[in-house]
Amino acid sequence: MDQLPKNAFALLRQTARPFKWKLILFFALTLCGITMWAGSSFVIRQLVNELVDSGTATRTAWGLVGLFVLTRFCDEWFWRLGEYSMRSTKPYMIERVRSSLFDYTFRKHYNFFVNSSSGQLGHWINQTTNTVNEVVDNTIWGVWPQAMGMLLSAFFLFISNWVLALIFSMWLILLFTFTIKRGKHFGKLVEVESESRSQASGLVVDALANHMSVRVFNARNRELGRLSKQQDDIISKWRTSWGYHIVTNAVKGNSIPIIGALSLSTMLLLFNSNSISVGDVTLFIAYFTAASSAVWELSWQLD
């Protein structure tokens, strides 16, 4: 590797190229699974409407029960196949990141090693590899299913009633916009904190590697003082990043019940005017409840 990518996603794209077909297979299979999950709630909507219209458990109603079970099984099967495809590929992909960073470091000029701490370089390689590993896990098991689940929920709501779909979509767009913006700023704060931790790690490793010199020159207190100063810097940066995190979480958390109340009130008005059915109400509540929980999970993944 002659040039280092700018961020973890760019590094991941570069190292994942040999495995692109397995990655495509994973996303295709899991997309089918997510579609089955979102579709199962739509089947329940149809079932509720059938029961309300007929007043009894008709043959169609029993057929819808069977269809619901089938969609849930398909959801599980598609995800297990996708999981097998990913888990058989991911270790090779992540270790390719480590070897690429190792190769990139050794291609540096001699002066780079003179001016850099070996402990900090080792920490950087391992920390970057761990970060990419976390990005992969967060994306494939968190961001991808949650984001697609909400988008497909909006799609099935549109089939059911375009007004409900519009309300749901506007809520998602506002939350996505807020979450992405706060995530970018929080990510910068965490990056600054991580750099400070890397420097502390370099101090510890170098002091231990040169323990004889530290003993000979009686520099123990000096090294402890340098570490203590660096630790104070880490704590200060940690407080800044998590203070921002708590405040923005409070804003987002309080917005969910407010938007929920407005959405449910609108839905009741539509129901009173016979614009939506009982099944539509059931579907909206199911998707809204699932999305409210998914938004928090998605926020943590994007951070």
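One can find the structure itself at the top, above this paragraph.
Attention in this report is confined to the structure presented alongside it. All figures in this text were calculated on a predicted structure; none of them were measured in a lab.

Cut-offs used in this document
- Residues numbered from 1 in each chain as written.
- Predicted model: local features only at pLDDT ≥ 70, side-chain atom pairs only at ≥ 80, totals over all residues.
- Heavy atoms only, no water.
- Helix = DSSP H or I, 4+ residues; strand = E, 2+ residues; numbered from the N terminus.
- Buried < 20%, exposed > 50% of the residue type's maximum accessible area, 1.4 Å probe, protein only.
- Contact = heavy atoms within 4.5 Å.
- Areas by Shrake-Rupley, 256 points an atom, 1.4 Å probe, with all protein chains shown as cover.
- Disulfide = S-S within 2.5 Å.
- Phe/Tyr/Trp six-rings, centres within 6.5 Å; stacked < 30°, edge-to-face > 60°.
- Axes fitted to C-alpha atoms, helices over the stretch in contact; angles between N-to-C directions.
- Parallel < 35°, antiparallel > 145°, perpendicular 65-115°, else oblique.
- Left-handed = near helix turned anticlockwise from the far one by under 90°.
- Nonpolar A, V, L, I, M, F, W, Y, C, P; charged D, E, K, R; others polar.

Moving on, we get to the overall build of the chain. When you go through the chain residue by residue, the secondary structure sums to 10 helices and 0 strands. Starting at the N terminus and walking to the C terminus, you meet the elements of the chain as α-α-α-α-α-α-α-α-α-α. Of all 303 residues assigned to the chain, the portion counted as buried reaches 39%. Residue pairs in contact within the chain that sit at least 24 positions apart in sequence constitute 82% of those at least 6 positions apart. A total of about 17800 Å² of accessible surface is found on the chain, and carbon and sulfur atoms cover 64% of it.

The next thing to look at is the state of the cysteines. Summed over the entire model, instances satisfying the criterion amount to 0 disulfides. No disulfide involves Cys32; its nearest neighbouring cysteine sulfur is the one of Cys74, lying 9.5 Å away.

The subject of this paragraph is the packing of aromatic side chains. All told, the structure shown has 9 aromatic pairs when counted by the stated rule. Each ring, one from Phe73 and one from Trp77, has its centre 5.5 Å from the other, and the planes form 25 degrees; the classification is stacked. Separated by 4 residues within a single helix, Phe73 and Trp77 lie in helix H3 (residues 59-87), roughly one turn from each other. Residue class for Phe73 comes out partly exposed when judged on its relative accessible area of 45%. Where Trp79 meets Trp141, the ring centres are 6.3 Å apart and the plane angle is 40 degrees; that geometry is what we call tilted. With Trp79 in helix H3 and Trp141 in helix H6 (residues 118-160), this pair connects stretches of sequence that are 62 residues apart. Given a relative accessible area of 13%, Trp79 falls into the buried group. Here Trp141 falls in the partly exposed class, since its relative accessible area comes to 28%.

Interaxial distance between helix H2 (residues 20-54) and H3 falls to 8 Å at its minimum, and their mutual angle equals 165 degrees. Put simply, H2 runs roughly antiparallel to H3. In this structure, H2 meets H3 at a crossing whose hand is left-handed. Broken down by class, the residue content of the contact of H2 with H3 amounts to 22 nonpolar, 8 polar and 5 charged.

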